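What the coordinates show
One-letter residues, chain by chain:
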Amino acid sequence: MFDLVQHHKPEKLEAFIMIVIVFLMLGYPMLGIPNMVPHIPVLITIIFLLLYGAINKVKFSLLQESMIQSVSTSMGAVFLFFFIGILVSILMMSGAIPTLMFLGLNVISTKVFYLSSFLITAIIGMAIGSSLTTVATLGVALMGMSNAFDLSPAITAGAIVSGSFFGDKMSPLSDTTGISASIVGVDLFDHIKNMMYTTVPAFIISSIAFALLSPWNKVGDISSVEQFREDILSIGLVNNLSLICFLILIIFSIFKVPAIMTIIYTSIAGLIISIINNNYSLQEISTFLFEGFSKADLPQNIAPLLNRGGINSMFFTLTIVILALSLGGLLFGLGIIPTLLDSMAHLLVSPSRATICVVLTALGVNYIVGEQYLSILLAGKTFKPIYDKLGLHSKNLSRTLEDAGTVVNPLVPWGVCGVFITSVLGVSTLTYLPFAFFCYLCVILTIISGFTGISISKK
């Protein structure tokens, strides 16, 4: 993408005005129109830039070529998401995810309730790769327990958000994790391993904080958690053999097997276990792989956790990635981003400055536009050439995108995640924000890493 020819060279002021207009066109619909999906503002902005190009007498064929080249640089992500959708279905069919959920619910304790809430949502979030699904299901149950025990809803919500977004960030099944890795050309499992430098310290500090805040002198009724476990057990998918799937994922990632091949091997193992344990027909398997795993008569409290996956579930992510990459191609092809980068080139001469700029850009998109996907995509494509020029490995950039992009959106009151979490948990964003320790610790630690050079890898 960064070898794209500039078909127009705007002045600095013109480029600045254009990028402000783009942010407004992306941000206003997301903030001002309820339930607005990001696709529509992005598509409208693409149309606006095409008209801008036409006014400046840039041929449509050249602009189209810029979009096509931009999308082609991330075709690996498109294939990866197809395989992730299939893997989620197979992990459900085999019982791997239900088994991990069943075992994870053992960590709930009323004496260390906030810590337990953080840990269990982290486990479930990693297992299913979706922070918002975890919040909307298990998070709601934990809020109910918190109210019954007369505990702080703000701290409970902060623990739920922290754990859910830790799981989302570190899960190979997460779409934001896949986007962050693929958008800058890094292997998925290399990206996840590199994130540990900032994520593990943030996790440990958050665990200590929630342990200190927990009501050690309280003992409460955990019957709702027991009911949750019984409901999972009743569906007949829990089996220890299925945990082999996660073992394969871990072993192959340690040996740096490419992400798609690791997913294929894991999927094959899971499929064999599924057939042995549940004797699915070929028709059922093919339906699950495309439409996602679905089981009739599931208890209402766990159905959203288990009925998921499939190629079909990836279409939302795939389409926003393609549209955002096309938008990025136009911003580069029309010379808007290159002009702005040239004006900052004398400043971006060190890892610390590059890190700060990526953090500020990701934060800015989150708070202006309210969308985590765009914060990752735009910041990633914009600063990839800067990291290349400085001789820094792209996995430093992908980690910073997650630290300042993925986990920040729940802290934005008007952001997609912030609005969703507030509506589901009944706690305002500003109320739980001080206790969402993990989310802002990731930002702090990635800035420290940039300034000290600790864990910053060269090419």
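Residue numbering note: each chain is counted from 1, following its sequence as written. With pLDDT at 70 or above as the cut-off, local features in this predicted model cover only qualifying residues; side-chain atom pairs require 80 or more to be listed or tallied, and sums for whole chains, interfaces and linings still use all residues. Calculation of side-chain values draws on the structure's entire complement of heavy atoms; hydrogens and water are dropped beforehand.

We now examine the overall build of the chain. Of regular secondary structure, the chain possesses 23 helices and zero strands. All radius of gyration figures rest on C-alpha atoms, and the globule criterion is 2.2 Å times the number of residues raised to 0.38. On C-alpha atoms alone, the chain measures out to a radius of gyration of 22 Å, which is about the 23 Å that the 2.2 N^0.38 rule sets for 459 residues. Dimensions of the chain, computed from the C-alpha atoms along their principal axes, are close to 65 × 50 × 45 Å. Pairs of residues are marked as contacts when any of their non-hydrogen atoms sit within 4.5 Å. Relative to all contacts within the chain whose residues are 6 or more apart in sequence, the contacts with residues 24 or more apart total 79%. Per-residue and other accessible areas were derived by the Shrake-Rupley procedure at a 1.4 Å probe size, with only the shown protein chains allowed to occlude residues. When the accessible surface of the chain is totalled, it reaches about 18,100 Å², and 68% of it is carbon and sulfur. Charge counting treats Lys and Arg as positive and Asp and Glu as negative, with His and both chain ends excluded. Note that the charge is assigned to NZ on lysines, CZ on arginines, CG on aspartates and CD on glutamates. Computed over 20 positive and 21 negative side-chain charges, the separation of the two mean positions in the chain equals 12 Å. Helix numbers and strand numbers start at the N terminus; a helix is a DSSP run of H or I with at least 4 residues, a strand a run of E with at least 2.

Quick look at the pattern of salt bridges now. Salt bridge, as used here: a side-chain nitrogen of Lys or Arg that lies within 4 Å of a carboxyl oxygen of Asp or Glu. All chains considered together, the criterion is met by three salt bridges. Taking the shortest distance from any N to any O, the salt bridge between Lys 384 and Asp 388 comes out at 3.0 Å. Of the two residues, Lys 384 and Asp 388 both sit in helix H19 (residues 372–389), four residues apart, roughly one turn of that helix. Since its relative accessible area comes to 15%, Lys 384 is described here as buried. According to the relative accessible area criterion, Asp 388 is partly exposed, its value standing at 29%. The cut-offs for exposure are 20% and 50% of the maximum accessible area for each residue type, with area from a 1.4 Å probe on protein chains only; residues under the lower value are buried, those over the upper are exposed, and the others partly exposed.

Attention now moves to unusual backbone geometry. Despite not being glycine, Lys 57 shows a phi value in the positive range, around 60°. Summarising the element assignment, Lys 57 is placed in the loop between helix H2 (39–55) and helix H3 (60–72). Residue classification places Lys 57 among the exposed residues on the basis of a relative accessible area of 78%. Of note, the phi angle at Ser 455 is positive, near 70°, even though the residue is not glycine. Residue class for Ser 455 comes out buried when judged on its relative accessible area of 17%.

Before going further, it helps to spend a moment on the side chain of Thr 339. By the element assignment, Thr 339 lies in helix H17 (residues 336–344). For Thr 339, the side chain forms a polar contact with the main-chain oxygen of Pro 10, separated by 3.5 Å. Distance and chemistry together define a polar contact, namely a pair of N or O atoms within 3.5 Å, with one atom able to donate a hydrogen and the other to accept it when in protein, and with adjacent residues in sequence counting only for side-chain atoms on both sides. From its side chain, Thr 339 meets the backbone oxygen of Gly 335 in a polar contact 2.6 Å long. Not counting residues up to four positions away in its chain, the partners in contact with Thr 339 are Pro 10, Glu 11, Lys 12 and Ala 15.

This part takes up helix H8 (residues 153–170). Given 3.6 residues to a turn, an α-helix orients residues that are three or four positions apart in the same direction. Take the number of residues in a helix, subtract one, and multiply by 1.5 Å to get its expected span. Over its 18 residues, H8 extends 26 Å from the first C-alpha to the last, a length consistent with the 26 Å expected when each residue adds 1.5 Å. The buried fraction of H8 is high, at 17 of 18 residues.

Attention shifts here to the domain arrangement of the chain. What fixes the domain bounds is an automatic or database domain assignment. Assigned domains within the chain: domain 1 (12–30 + 37–75 + 314–452) and domain 2 (85–312). Inter-centroid distance (C-alpha atoms) of domain 1 to domain 2 is 27 Å. Tallying the contact residues gives 42 residues for domain 1 and 49 residues for domain 2. Among the residues domain 1 hides against domain 2, the three largest losses belong to Glu 402, Leu 425 and Phe 438. Together they make up 18% of the total. Buried area: the accessible area, evaluated with a 1.4 Å probe, that two parts lose upon being put together, summed over both parts.

With 139 residues, the main nonpolar core has Leu 49, Ile 97, Leu 331 and Ile 336 as its most contacted residues. The dominant element in this core, judged by the number of residues it contributes, is helix H4 (residues 75–94), at 11 residues. Built from parts of two domains, this core gets at least three residues from each of domain 1 (12–30 + 37–75 + 314–452) and domain 2 (85–312). Beyond its immediate sequence surroundings of up to four residues, Ile 97 is in contact with Val 88, Leu 91, Met 92, Ala 127, Ile 128, Leu 173 and Phe 246. To form a nonpolar core, buried Ala, Val, Leu, Ile, Met, Phe, Trp, Tyr and Cys residues must be joined to one another through side-chain atoms within 4.5 Å.

In this structure, Ile 386 sits in helix H19. Distance in space between the C-alpha atoms of Ile 386 and Leu 425 is 40 Å, their sequence separation being 39 residues. The contact partners of Ile 386, leaving out residues within four places of it in the chain, are Leu 341, Leu 348 and Ala 354.

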